[in-house]
Amino acid sequence: MRMIEPGYLGNPMERLDGSAKVTGTALYAFEHPVENPTYLHAVQATVARGRVVSMKMELAEALQGVVAVITVFDTPRLVDTEDRELSVLQDPAVHFRGQYIGAVIAETPETARHAAGLVQVEYDELPHDSELRADRDDLYAPEDVNGFATDTTDGDVESAFVAADVTIDQTYTTPLEHHNPMEPHACIAIWEDDAEGGRACVTLYDSTQGVHVVRETLAPMFGLELEQMRVVAPHVGGGFGSKGSPHAHNVLAILAARRTAGRPVKFALTRQQMFAIVGYRTSTIQHLRLGANSHGLLTAMSHDVIEQTSKIKEYAEQTAVATRIMYATPNRSTSHRVAALDVAVPFWMRAPGETPGMYAVEVAMDELAVACGLDPIELRVRNEPEVDPESGKPWSGRNLIDCMYAGAERFGWKDRSRRDGRRPVRGGLSPDGNWMVGTGMAAATYPAMTNPGSKARIVFGADRIYTVQIGAADIGTGTWTALTQIAADALECHIEEVRLQIGDTTFPFATVAGGSAGISSWGSTIVAAARQFRAEHSATPLAGVETTTETPENPDEDVYSMHSFGAHFVEARVHRETGEIRIPRMLGAFSIGRAINAKTLRSQLIGGMTMGLSMALHEESFRDNRFGHVMTHDLASYHISTNADVQDIEAFWLDETDAHVNPMGSRGAGEIGIVGAAAAVVNAIYDATGVRVRDLPVTADKVLFR
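The sections below set out a description of the structure shown in this document. Quick caveat: nothing in here was measured; it's all calculated off a predicted structure. Counting restarts for each chain, with residues numbered from 1 along the sequence as it is written. Since the coordinates come from a predicted model, pLDDT governs what is reported: local features require at least 70, and pairs of side-chain atoms require 80 or more to be given and counted, while whole-chain, interface and lining totals use all residues. Values reported for side chains reflect all heavy atoms of the structure, with hydrogen atoms and water molecules removed beforehand.

1. A look at the sheet that holds strand E3 (residues 66-71)
Note on pairing: DSSP must find at least two bridges between two strands before they are called paired. By definition, any uninterrupted DSSP run of H or I lasting at least four residues is a helix, any uninterrupted run of E lasting at least two residues is a strand, and each is numbered from the N terminus. Spatial ordering of the open sheet is given by E3-E5-E1-E12-E9-E10-E11, a layout of seven strands whose pairing is mixed. Strands at the two margins of the open sheet, each flanked by one partner only, are E3 and strand E11 (229-232). Between one strand axis and the next, the sheet turns through 20° on average, direction left out of account. Summarising the sheet, strand E1 (residues 38-44) and strand E12 (residues 265-268) pair through two bridges and their orientation is parallel. Bridge pairing links Tyr 39 to Lys 266 in E12. In this fold helix H6 (residues 248-257) packs onto E1, E3, strand E5 (100-106), strand E9 (186-193), strand E10 (200-206), E11 and E12, with an angle of close to 35° to the strand it touches most, E9. With axes taken as lines fitted to C-alpha atoms, and helix axes fitted only over the stretch in contact, angles between N-to-C directions fall between 0 and 180 degrees. Whether two residues are in contact is decided by their heavy atoms: any pair within 4.5 Å suffices.

Here you go:
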């Protein structure tokens, strides 16, 4: 693969959209200026399963400022109802608590919310089932887990466990977790009928990770051709996977827009509604077994996962997939079993699968290191695979050992000693010496992907500017800046000569911003377009010429196994009397290929590490199974890490280039930061206290009373 020469690549450039964001001129979904808007508020089911018998709307309709009330009894039918998550208001059946059963359109958001609360609903309630347990008799094997094989087996795992000198046999659990991007899910829908041609035109300003995937999913549901729908999202205030696909609120907004005679409908979910309808990370029950000889060499490894999905639509997460490639062992098995429950549909959440799965693997590896009397780094070095254990392919670049050694040096790992909770800290956080200190580490991996199908257009204007158009999304990660840097280097021009245009379906198709594949996919496409542009129009093009090119095929994908790797190091302090946990230091060392923008890359890595810290100590969505709904549905009861929890956090990466993944030499970094971070925190807490917590999050009671 021919690499582009770095000029702007790797530089810590300021965000090109930074000024617009800090001055408030960057337009997010709900902020686009539209004339004479109306506002939408949903009516949600208050039972977990049953049927809507009646909806009394008189009080809501009598409220001044109410434009219309829509319900399951009077909403127009959708053309395509195959996706049952999106087929809202199509029948009176209730499949989970919080499901949309109606909505109010009003002149103000306050009026819409008040009127929605006045709608009186009568149900025929049925028994529901929302509890995930390992002893259920209805667990089943899904056809695949987010595109990966459900189960795998290599060698004779059971015989190897019997013969092993040392074994670890434990169950690890992770709870429900919910996305909480700063910008909630929001959209503005405009439905305009063409009186002459009879063809409708829909404009959707949306907070999404992919404008084209929204259009391709929603247009057929309304019987529209793709060109009849435009989706716009120039700026998105975070997504973490939840905005990787349209959800029911998008459909509800468009249904409402059909009732408003061309008036725009604005719909922003409340923070509470974010916990009900737009996805979440499934809880997991993970049985993990490790077998090793007396020298710590793995002889067997099995990882069996139980998780949940919804009865109306299956989403099964690939929790054990990373186990298939992480360490060398001749005998290995992985499996996934799913319970279909009366709950909303789970969905992608930052590094889906790898995040909960590697938590279990890396805590188990720490337990094995203790059992074998080995340093955790040495144990991992001894079990380093020469090639991908699953595919047999060579690595495009697996520098995990370098990450561990470089991270250990910078962290001061060699100065640690196993304390088993018996040595207090003096002169640190507490002058009275009541804090126990420990250090822990964990490894991380995430696949390096380039999704096919994107297209980029380059137009050279009379103003001597190269306009680069691609329907990509910037979800706050720095896409505006990184793609401009890539374009400038690929075109071999000054960065001021590049004008990037993204976030609109009027621009060429782009794949979704997800799987840490955005920059790799879109950047590869822009590089291909730049090279073709130069081949067709030379270095001195005429005004008005243009070139459009699709993502090129990469033959190296069939030859190499492509993954990013990393190592996390954590210092934990635990109060002897209260069990209070503090994390004064986190450090991550990563192998992610060449940096595109050093400044935004660092932000992505420490953001992921912070999210992993939050997973380890705080995040837990509690479902009251008596009623089937999530009780912790705001940021007062669903705790996330804040400034006081994040103290000294550092991320760095190896100076390297991956020549096989893409022409930039980079690998995705949006998700590798969270993978393994929670395990490193848990391992450090064990080192401080001698208490091994296997059920996240780690709270004071779990440390004190074990």
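Further notes follow.
2. Looking at the pairing of E11
When E10 meets E11, the two strands line up parallel, connected through four bridges. Counted as the bridge partner of Val 202 is Met 229 from E11. We call a crossover right-handed when, viewed with the strands running away from us, the connection from the first strand over the helix to the second turns clockwise. Following the backbone out of E10, through helix H5 (residues 211-218) and into the adjacent parallel E11, one traces a crossover that is right-handed.

3. Describing the pairing of E5
The side chains of a regular strand alternate, residue by residue, between the two faces of the sheet. Burial classes follow relative accessibility: with a 1.4 Å probe on protein chains only, a residue under 20% of its type's maximum area counts as buried, one over 50% as exposed, and anything between as partly exposed. Of all seven residues that make up E5, seven are buried, and the element is covered over most of its length. Sheet analysis places E1 next to E5, joined by six bridges and oriented antiparallel. Residue Val 43 lies in a different strand from E5, and its bridge partner there is Gly 102. For E3 and E5, the ladder comprises five bridges, and the chain directions are antiparallel. Bridge assignment links Ile 70 to a residue of E5, and that residue is Ala 103.

4. Let's talk about the packing of helix H11 (residues 479-491) against helix H12 (residues 518-537)
Here H11 crosses H12 at 30°, and the two axes come no closer than 9 Å. The orientation of H11 with respect to H12, classified from their angle, is roughly parallel. With respect to the hand of their crossing, H11 and H12 are arranged in right-handed fashion. When H11 is examined against H12, the residues Thr 479, Ala 482, Leu 483, Ile 486, Ala 487, Ala 490 and Leu 491 are found in contact with a partner set consisting of Ile 519, Trp 522, Gly 523, Ile 526, Val 527, Ala 530, Phe 533 and Arg 534. Of the residues in the contact of H11 with H12, the class split is twelve nonpolar, two polar and one charged. Any angle that falls under 35 degrees is termed roughly parallel, while one over 145 is termed roughly antiparallel, one within 65 to 115 roughly perpendicular, and all others oblique. Each crossing gets its handedness from the near helix: less than a right angle anticlockwise from the far helix is left-handed, clockwise is right-handed. As a working rule, the residues Ala, Val, Leu, Ile, Met, Phe, Trp, Tyr, Cys and Pro are called nonpolar, Asp, Glu, Lys and Arg charged, and the rest polar, with Gly in that last group.

5. Some thoughts on the sheet that holds strand E8 (residues 166-174)
The five strands lie next to each other as E7-E15-E14-E13-E8, forming an open sheet whose pairing is mixed. The open sheet terminates on both sides in strands that have one partner only, identified here as strand E7 (152-154) and E8. Averaged over all pairs of adjacent strands, the angle between their axes in this sheet comes to 10°, without regard to strand direction. Looking at chain direction, E7 and strand E15 (residues 332-341) are connected through three bridges and run antiparallel. In the sheet register, Asp 154 faces E15, and the bridge partner there is Arg 332. On top of the sheet, helix H8 (residues 354-372) reaches E8, strand E13 (284-292) and strand E14 (298-310); it is set at about 150° to E8, its chief contact.

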